[in-house]
Amino acid sequence: MSDSQQDEQQALEKYLEDKAKEEQEIEQQQESESLSKYEACVLRESARVKELMAEARSEAKKY
């Protein structure tokens with residue numbers, strides 16, 4: 001292999017490594033965003049359940 005071919009090969013390998021790292025970072029970011037959306041949903045539903053329980057308690061006290 002000539003020097004220019006080796007340089008091209010090294011440049012290609014570096015590009016592919018950088019691209020793989022970038023894709024991995026994007027995946028991790030998407031996973032954390034999904035988790036955040038999940039957590040937000042859980043918190044909303046938890047608040048809703050607490051409201052319903054409080055409502056049920058106040059209704060039970062009436063009787």
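In this numbering scheme, every chain counts its residues from 1 along its sequence in written order. pLDDT decides what is reported in this predicted model: residues at 70 or higher carry local features, side-chain atom pairs at 80 or more are listed and counted, and totals for whole chains, interfaces and linings draw on all residues regardless. In computing side-chain properties, one takes all heavy atoms of the structure into account and sets aside hydrogens as well as water.

### Quick look at the overall build of the chain
Strands here are runs of E lasting at least two residues and helices are runs of H or I lasting at least four, both read from the DSSP assignment and numbered beginning at the N terminus. On a plain count of helices and strands, the chain comes out with 1 helix and 0 strands. As defined in this context, the radius of gyration uses C-alpha atoms, and a globule is described by 2.2 Å times the residue total to the power 0.38. For the chain, the C-alpha radius of gyration of 27 Å lies well beyond 11 Å, the compact-globule estimate for 63 residues. The principal-axis extents of the C-alpha atoms in the chain amount to approximately 90 × 10 × 5 Å. The buried share of the chain, reckoned over its 63 residues, is 0%. Under the convention used here, a 1.4 Å probe and the Shrake-Rupley method define accessible areas, while residue burial counts only the protein chains that appear. For the chain, the accessible area works out to roughly 6200 Å², and carbon and sulfur atoms hold 51% of it. When charges are counted, Lys and Arg contribute as positive and Asp and Glu as negative, whereas His and the chain ends are disregarded. The atom standing in for a charge is NZ when the residue is Lys, CZ when it is Arg, CG when it is Asp and CD when it is Glu. Seen as two clouds, the 10 positive and the 17 negative side-chain charges of the chain have centres 19 Å apart. Categorising residues by exposure relies on relative accessible area from a 1.4 Å probe, with only protein chains included: less than 20% of the type maximum marks a residue as buried, more than 50% marks it as exposed, and the intermediate range marks it as partly exposed.

### Concerning the pattern of salt bridges
Note on pairing: side chains with opposite charge can pair once their charged atoms come close. Between Lys or Arg on one side and Asp or Glu on the other, a salt bridge is scored when a side-chain nitrogen of the former is within 4 Å of a carboxyl oxygen of the latter. Applying the stated criterion across every chain yields a total of 3 salt bridges. Among the ionic pairs, Asp18 bridges to Lys14, the shortest N-O distance being 3.3 Å. Here the residue Asp18 and the residue Lys14 both occupy positions in helix α1 (residues 3-62), the gap between them amounting to 4 residues, near one helical turn. The exposure class assigned to Asp18 is partly exposed, which follows from its relative accessible area of 35%. Among the ionic pairs, Arg48 bridges to Glu45, the shortest N-O distance being 3.5 Å. A residue pair is termed a helical-turn pair when its members lie 3 or 4 positions apart in one helix, as Arg48 and Glu45 do in helix α1 at 3 residues. Overall, the relative accessible area of 38% leaves Glu45 in the partly exposed class.

### Points about the environment of Glu22
In this fold, Glu22 is placed in helix α1. Counting along the chain gives 41 residues from Glu22 to Tyr63, while the straight-line C-alpha distance between them is 62 Å.

### As for a nonpolar patch on the surface
Note on patches: the residues involved have over 30% relative accessible area and no salt bridge, like charges join within 9 Å, and the nonpolar side chains Val, Leu, Ile, Met, Phe, Trp and Tyr join within 5 Å. A cluster of nonpolar side chains, contributed by Leu12, Tyr15 and Leu16, occupies part of the molecular surface with about 310 Å² of accessible area. Here Tyr15 shows up in helix α1. Of the residues examined, Tyr15 reaches a relative accessible area of 48% and is grouped as partly exposed.

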